[in-house]
Every structure is written in structure tokens, then in C-alpha cells.
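Structural overview
Chain residues, written in single-letter form:
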Amino acid sequence: MMKILIILLTSLIFVTPFATSGELNCQMCHGSHLQGNVVTGAPALNNLSTNYIEAQLNAFKQAFRAKSAKDQAGLDMRVVAMQLSQQEIAAALALVKKLRVTNASSKPSNIPASWQTCVACHGANGEGNDSLNAPAIMGQQPWYLFKQLHDYQEGQRGMEPADEAGQLMRQTSLLLSAEEIKQLSQFLGQSNKTEIK
Ligand code: HEC
Ligand code: HEC
């Protein structure tokens, strides 16, 4: 079992993210419907605005994210972001639009008290708000949300003075306890509606 896992993971690292035709393949890591994939650590993209995705590709390039060798998932994505041409970014954004789902939920259950802090920026239903650069978080993969909230707290994200959006979220993350992060991640992850195939 372990051996199979190692082979699988190694092939993931060495397979180039781009097909030989020059086409990019975001789906290889982010899933066939861009719904996220726990094996590669890549989040859902099919719920995010194209503005936010573009901003984050830039954030990876500028090293606003993945501040240490400890953050393998972040470093994996930085390698991809560094290679993308404008044309490939445009193609990726078109793919995101094509596979778009709305995971924002107006009737979530088990609402944690700490959720009230989030709605001012992320919207009443967690749908995101482009005017504040705040992404949709309702319906994102729970393990990814958990990692990001810890990344902000630990300074893997939101540390650079030029990264205003990241700094804003880092300040908020510092108010959260470990238990609240766990509850919020489970709560927000419950409405991911894309079937994993
Ligand atoms: C080699 C695997 C891999 C490939 C290929 C890949 N990604 Fe990623 N991507 C990741 C991982 C892992 C993360 C999570 C990084 C983290 O934990 O900080 C990520 C994160 C992201 C994020 C941040 C999302 C958020 O919610 O902040 C964006 C945007 C993104 N990827 C876009 C793309 C696009 C567009 C493509 C195709 C051009 C692509 N990725 C291809 C692995 C990959
Ligand atoms: C003051 C506004 C503000 C508040 C309040 C806020 N956020 Fe954010 N949040 C943002 C912004 C802006 C970003 C994008 C930051 C970046 O570019 O790194 C963000 C990003 C995130 C991300 C990363 C998502 C991804 O796809 O990578 C998570 C997770 C998150 N917020 C969760 C929360 C939770 C949970 C709360 C409530 C406890 C909260 N936020 C409260 C503004 C806010």
C-alpha cells in the first residue's frame, strides 16, 4: 500500500502539468471538475471568482504564499504559477467559468458562533465579495480551509506589506482558536456539491 502511494505521489510530482500540445492541465491536480483533490492538496477552483484566481496566481508568483519549505502544497502551486503564460491563464479562467458551481448556501446547518465574524467580508452565505478581494469559502474543501487558516496564523500567507488582502485575512485569523478553525472548516466544507468521481 505504502509503495503504491509513493509511486503515485512521485508520478504526480514529475508529471509535467502541461500536456505535450502546450495545453495546461489544472484538472490533473484540482480534479476533473476543479472540485479539489485531497491527494494533491489542491482546492476547489470551480466556486471561485476569476478575479480572485488571477490575484492568487500573482500571489504565488510574488511569494506572498508558501513562505517556507514546510509548505509543500503551496510550493507545488508556485511552480505551476511561475510557468503560466498570459494565454494559459486566460484558458484556465475560461475553464473555471465553464465548470462553475455555486456552493454558497443560505441554509447551512451547525452554524458556529465564530461564523458571524466572517460574513462582513465573505458574504452572508459565504459566497465571497470581489470588491474586498474576499473569496467564496462556503463549499470549499474542509481540509484546504483548515490548512489556509493555519497558514495565515503561522505566517505562510498574509505577511508581505504589498499583500493587502492577505494581511487583512491574517489579522482575522489571529482571533481564531484551534477549535474554532476546526469547526469553521467543517461547517464551510459541508456544502461542497461537486461529486468526486
Ligand atoms: C501540481 C499540482 C497542481 C497543478 C497542475 C495546478 N495546481 Fe493550483 N494548486 C495546487 C495546490 C497543491 C494548491 C494549494 C496550495 C496551498 O495549500 O497553499 C493550489 C492552489 C491554487 C490556487 C489558490 C486557490 C485559493 O483558493 O486560494 C489557485 C488559484 C490555483 N491553484 C490555480 C491553478 C490553475 C489555474 C491551474 C492550471 C493552470 C493549477 N492551479 C494547476 C496544485 C496544483
Ligand atoms: C476584514 C475582512 C475579512 C474577514 C472579517 C474575514 N475574511 Fe477571510 N479573507 C478575506 C480576504 C480579503 C481574503 C483573501 C486574502 C488573500 O488574498 O490571501 C480572505 C481569505 C480567506 C481564506 C482563504 C480562502 C482560499 O480560498 O484560500 C479563508 C479560508 C478565509 N478567508 C476564512 C475566513 C473565515 C473563516 C472568517 C471568519 C472567522 C474570515 N475569513 C473573515 C477577508 C476577510
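This is a predicted model, so every value here is computed, not measured. Sequence order as written defines the numbering, with residues in each chain counted from 1. To label them, take the chains in the order written and letter them from A, then take the ligands in the order written and number them from 1. Totals for whole chains, interfaces and linings use all residues, but because this is a predicted model, local features are given only for residues with pLDDT of at least 70 and pairs of side-chain atoms are given and counted only at 80 or more. Side-chain calculation: all heavy atoms of the structure are included, whereas hydrogens and water are not.

**Observations regarding the packing of helix α7 (residues 142–154) against helix α8 (residues 164–173)**
Packing of α7 against α8 brings their axes to within 8 Å, and their N-to-C directions diverge by 95 degrees. Relative to α8, α7 is oriented roughly perpendicular. Each of Leu149, Tyr152, Gln153 and Glu154 in α7 lies in contact with α8, whose residues at this interface are Gly166, Met169, Arg170 and Ser173. Basically, the charged four are Asp, Glu, Lys and Arg, the nonpolar ten are Ala, Val, Leu, Ile, Met, Phe, Trp, Tyr, Cys and Pro, and anything else, Gly included, counts as polar. Its residues placed into classes, the contact of α7 with α8 shows three nonpolar, three polar and two charged. Only the contacting stretch of a helix is used when fitting its axis, a line to C-alpha atoms as for every element, and angles between N-to-C directions run 0 to 180 degrees. Strands here mean DSSP runs of E at least two residues long; helices mean DSSP runs of H or I at least four residues long; both are numbered from the N terminus. Roughly parallel refers to an angle under 35 degrees, roughly antiparallel to one over 145, roughly perpendicular to one between 65 and 115, and oblique to any angle outside these ranges. The contact criterion used is simple: two residues touch if any of their non-hydrogen atoms lie within 4.5 Å.

**Comments concerning the site of ligand 2**
Surrounding ligand 2, one finds 24 residues, the nearest of these being Cys118, Cys121, His122, Tyr144 and Met169. Any N or O atom pair separated by 3.5 Å or less is treated as a polar contact, with the protein-specific requirement of one donor-capable and one acceptor-capable atom, and with residues adjacent in sequence counted only for side-chain atom pairs. Between an oxygen atom of ligand 2 and a side-chain N or O atom of Gln56, the distance comes to 2.9 Å. The side chain of Tyr144 places a nitrogen or oxygen atom 2.7 Å from an oxygen atom of ligand 2. In the shell around ligand 2, the residues fall into 16 nonpolar, seven polar and one charged. In these notes, residues near a molecule or strand are those with any non-hydrogen atom within 4 Å of it.

**Focus: the nonpolar core**
To qualify as a nonpolar core, a set must consist of buried Ala, Val, Leu, Ile, Met, Phe, Trp, Tyr and Cys residues joined through side-chain atoms within 4.5 Å. Throughout this description, buried means an accessible area under 20% of the type-specific maximum (1.4 Å probe, protein chains only), exposed means over 50%, and partly exposed covers the range between. If you look at the biggest cluster of nonpolar residues, it comprises 17 residues, and the most contacted ones within it are Leu34, Leu45, Ile53 and Leu57. Elements with a minimum of two residues in this core: α3 (50–61), α4 (72–83) and α5 (86–98). Looking at this core element by element, the count peaks at five residues for α5. Leave out the neighbours within four places in its chain, and Ile53 touches Leu45, Leu48, Leu93 and Val96.

**Topic: the coordination of the iron atom of ligand 2**
Each metal's donors are the N, O and S atoms found within 2.8 Å of it, except that Na, K and Ca use a 3.2 Å limit; water is left out, so coordination can look incomplete. Every protein donor of the iron atom of ligand 2 is accounted for by His122 (NE2) and Met169 (SD), and the metal-donor separations fall at 2.0 to 2.1 Å. Tetrahedral means four donors with every angle between 85 and 135 degrees, whereas square planar (four donors) and octahedral (six donors) require angles over 155 degrees between opposite donors and between 65 and 115 for all others; sites fitting neither are termed irregular. Around the iron atom of ligand 2 sit six donor atoms, and with donor-metal-donor angles ranging over 88 to 180 degrees the site reads as octahedral. With His122 in helix α6 (residues 119–122) and Met169 in helix α8, this residue pair connects regions lying 47 residues apart in the sequence. With a relative accessible area of 9%, His122 lands in the buried category. For Met169, a relative accessible area of 18% corresponds to the buried category.

**Concerning the side chain of Gln140**
Secondary-structure assignment places Gln140 in the loop between α6 and α7. One polar contact links the side chain of Gln140 to the main-chain amide nitrogen of Ala44, over a distance of 2.8 Å.

**Observations concerning the environment of Gly36**
Among the structural elements, Gly36 can be located in the loop between α2 (27–30) and α3. Along the chain, Gly36 and Gln141 lie 105 residues apart, while their C-alpha atoms are 6.7 Å from each other.

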